[in-house]
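# Working through the structure, step by step
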Amino acid sequence: MSLKDVSAWLGFAKACFSQWASRWALAAALIACLVGLIDSQPAWAQTVPEVPQSAPAAPNPQALFEAHCSSCHAHGGNLIRRGKNLQQKTLLRNGYGEVGAIATLITQGKGVMPAYADRLSASEIEAIAQYVLEQAKISWP
Ligand code: HEC
């Protein structure tokens, strides 16, 4: 083999190696990219400050009323003691014209009506009391 042949072979080998190496480099880059996409947030997302957790959703008083009260007080009535219904006139006559008075009644219960202190939070109870007054004002449509 002449010197020329050797250098030709070397050139060929070099070319092969560089192609092989660049292919692997490409594949490695691709894999790194994919792993990066799956594994971590993009850099710009990490610099954004975390959004503070929003406050828990306000209780939906209508849903609460339906779940806890409507079995006895559907449409503002009272299945057990008809005279103790949730119509505005009756509420006012019986001293339940204020959110506070109704909230206390719901919290402590009275007679056959159960107490809700251990089932509803104070803010839920207040929301229901408010709802009762609002509905009474419009005659429980
Ligand atoms: C098991 C049936 C029952 C359930 C459930 C019930 N109540 Fe009552 N509720 C009654 C009874 C009975 C009375 C009358 C209590 C008494 O004065 O002896 C009453 C009275 C009331 C009154 C006073 C009415 C008046 O004119 O004097 C309000 C207001 C009231 N309930 C609201 C609620 C709300 C709000 C809920 C749900 C959180 C609820 N009740 C759940 C049975 C029930």
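In the block above lies the structure referred to throughout.
Residues numbered from 1 in each chain as written. Predicted model: local features only at pLDDT ≥ 70, side-chain atom pairs only at ≥ 80, totals over all residues.

The full set close to the ligand counts 26 residues, and Cys-69, Cys-72, Asn-94, Gly-111 and Met-113 are the nearest of them. Going through the elements one at a time, α4 (70-73), α5 (88-93), α6 (99-108) and α7 (122-137) are the ones with two or more residues in the shell around the ligand. Residues of the shell around the ligand, tallied by class, amount to 15 nonpolar, eight polar and three charged. (Near = placed C-beta within 6 Å. Helix = DSSP H or I, 4+ residues; strand = E, 2+ residues; numbered from the N terminus. Nonpolar A, V, L, I, M, F, W, Y, C, P; charged D, E, K, R; others polar.)

What follows deals with unusual backbone geometry. Within the chain, Ser-139 stands out as a residue other than glycine whose phi angle is a positive 55 degrees. What makes Ser-139 exposed here is the crowd of 11 C-beta atoms within 10 Å. The phi dihedral of Trp-140 is positive, around 50 degrees, even though this residue is not glycine. Inspection of the secondary structure puts Trp-140 in the segment after α7. Since 17 C-beta atoms lie within 10 Å of it, Trp-140 is described here as partly exposed. (Buried ≥ 20, exposed ≤ 12 C-beta atoms within 10 Å, placed from the backbone.)

Let's shift gears to the packing of helix α3 (residues 61-68) against α7. Look at α3 against α7: their axes get within 9 Å of each other, and the N-to-C directions meet at 95 degrees. As far as their axial angle goes, α7 and α3 are roughly perpendicular. Residues Pro-61, Gln-62, Leu-64 and Phe-65 of α3 form the contact with α7, whose own contacting residues are Glu-124, Ala-127, Ile-128, Gln-130 and Tyr-131. Tallied by class, the residues present in the contact of α3 with α7 amount to six nonpolar, two polar and one charged. (Axes fitted to C-alpha atoms, helices over the stretch in contact; angles between N-to-C directions. Parallel < 35°, antiparallel > 145°, perpendicular 65-115°, else oblique. Contact = placed C-beta atoms within 7 Å.)

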